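# Breakdown of the fold
Next come the chains, spelled out residue by residue.
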Amino acid sequence: MTVIETNPDSGTGSQTQINAEMAALARDGAGRTQPRLDYAPYRSSVLRHPTKDLHHADPETVELWSPAFGERDVHPLEADLTIQHHGDPIGERIVVTGRIVDGAGRPVRRQLVEIWQANSAGRYIHKRDQHRAPLDPNFTGVGRCLTDDDGTYRFTTIKPGPYPWKNHHNAWRPAHIHFSLFGTDFTQRMITQMYFPGDPLFALDPIYQSITDQKARDRLVATYDHDVTTHEWSTGYRWDIVLTGAQRTHFEEN
């Protein structure tokens, strides 16, 4: 389970200190495409990364207790986060679509894709998220779909806002959407985040900067696509997810 980054943290460093630490670690780790598990500027990584030896488990026994999903379990309307309540949610309506492929470009068909996000004011519906931004009664911020034969997913949602978190003084997370790919069983679940182009908070965000390779960071940023944009209805973004190979999308460690 991934913990939403709005959880309180003990870090109290200044932004100047955070920037200096990020720059130093980026120089030391140039060329790395995956983030460090213990990344000092991202304060809560100290508590989240593994500190003990791994234990072997019987995968067949684990999979006997894991959920399984098929087409009958996921309704097509679950991919539209703007119609889940009686009224329209507040904010910029967007469509996010893309393909899920392996390292050879082959589509990953019938993949369960789940998303969750903050609302347009940067607020999650979560008891630990109590910062002074309004909740939207018409926006829950969760959805799911299955990829089609071409490996394509598609969501209609509201563009999330940035939000403060307690990593250090005046810390703000760039706007992002969390993605979960279920794989073929629970032990294969992979989680990542999609960002929006041109966000001024990229350079100040230790989570984004914990990936020290710029090209790998760029692969987490969606592209505005006017062909996905709909006249007088929504703007559109395209973001492909690559599961393996040198161009693989960064996934969070669970």
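Cut-off values and rules
- Residues numbered from 1 in each chain as written.
- Predicted model: local features only at pLDDT ≥ 70, side-chain atom pairs only at ≥ 80, totals over all residues.
- Heavy atoms only, no water.
- Helix = DSSP H or I, 4+ residues; strand = E, 2+ residues; numbered from the N terminus.
- Buried < 20%, exposed > 50% of the residue type's maximum accessible area, 1.4 Å probe, protein only.
- Contact = heavy atoms within 4.5 Å.
- Areas by Shrake-Rupley, 256 points an atom, 1.4 Å probe, with all protein chains shown as cover.
- Phe/Tyr/Trp six-rings, centres within 6.5 Å; stacked < 30°, edge-to-face > 60°.
- Pairing = 2+ DSSP bridges.
- Axes fitted to C-alpha atoms, helices over the stretch in contact; angles between N-to-C directions.
- 1 Å grid on protein atoms, 1.4 Å probe; cavity = no way out; pocket = protein on both sides within 12 Å on 5 of 7 lines; lining within 4 Å.
- Points joined across faces, edges and corners; volume = space filled by probe spheres on them.
- Nonpolar A, V, L, I, M, F, W, Y, C, P; charged D, E, K, R; others polar.
- Core = buried A, V, L, I, M, F, W, Y, C linked by side-chain atoms within 4.5 Å.

## Regarding the overall build of the chain
Counting secondary structure elements, the chain contains five helices and 11 strands. Counting across all 254 residues of the chain, residues that qualify as buried make up 48%. When contacts within the chain are restricted to residue pairs at least 6 apart in sequence, those whose partners lie at least 24 apart make up 69%. Carbon and sulfur atoms make up 54% of the accessible area of the chain, which totals about 14,000 Å².

## What about the packing of aromatic side chains?
Taken as a whole and judged by the stated rule, the model has 10 aromatic pairs. Here Phe155 and Phe179 contribute two aromatic rings whose centre-to-centre distance is 6.3 Å and whose plane-to-plane angle is 85 degrees, an arrangement assigned as edge-to-face. Note that Phe155 is positioned in strand β4 (residues 152–158) and Phe179 in strand β7 (residues 176–181), a separation of 24 residues in sequence. Residue Phe155 shares its accessibility class with Phe179, and that shared class is buried. Ring centres of Phe179 and Trp239 lie 5.0 Å apart, and the angle between their planes is 65 degrees; on these two criteria the pair is classed as edge-to-face. A residue pair is termed long-range when its members are at least 10 positions apart, and Phe179 in strand β7 and Trp239 in the loop between β10 (235–238) and β11 (241–242) qualify at 60 residues.

## A few points about the sheet that holds strand β2 (residues 112–117)
Spatially, β3-β2-β7-β8 is the arrangement adopted by the four strands of the open sheet, whose pairing is antiparallel. In the strand order of this sheet, the two ends are held by β3 (142–146) and β8 (190–195), each with one partner. This sheet shows a mean twist of 25 degrees between the axes of neighbouring strands, independent of strand direction. Relative to β8, β7 runs antiparallel, the two being bridged by six bridges. Directly across from Ile177, in β8, lies its bridge partner Met194.

## Some words on the pairing of β2
For β2, the buried fraction is high: five of the six residues fall into the buried class. Examined bridge by bridge, β2 and β7 share five bridges and lie antiparallel to one another. For Val113, the partnering residue across the bridge sits in β7 and is Leu181.

## Overview of empty space enclosed by the protein
Rolled over the atoms, a probe with the dimensions of a water molecule shows which regions are left empty. Taken as a whole and assessed by the stated rule, the structure comprises one cavity of 30 Å³ or more. By volume, the largest cavity amounts to about 30 Å³. Gln117, Ala118, Asn119, Arg123, Tyr124, Ile125, Asp136, Phe139, Thr140 and Gly141 together form the lining of the largest cavity. Broken down by class, the residue content of the lining of the largest cavity amounts to four nonpolar, four polar and two charged.

## Observations concerning the nonpolar core
Grouped together as the largest cluster of nonpolar side chains are 37 residues, with contacts concentrated most on Tyr153, Phe155 and Phe179. Elements that contribute at least two residues to this core include exactly β1 (93–101), β2, β4, β7, β8 and α4 (206–209). If you look at the next biggest cluster of nonpolar residues, it comprises five residues, including Trp116, Ala118, Tyr124 and Tyr163.

## Things to note about the environment of Ile177
Along the chain, Ile177 falls in strand β7. Given the relative accessible area of 1%, Ile177 is considered buried. C-alpha of Ile177 to C-alpha of Met194: the two residues are 17 residues apart in sequence and 5.2 Å apart in space. In contact with Ile177, not counting residues within four places along its chain, are Val96, Ile115, Trp116, Gln117, Thr157, Pro160, Thr192, Gln193, Met194 and Phe196.

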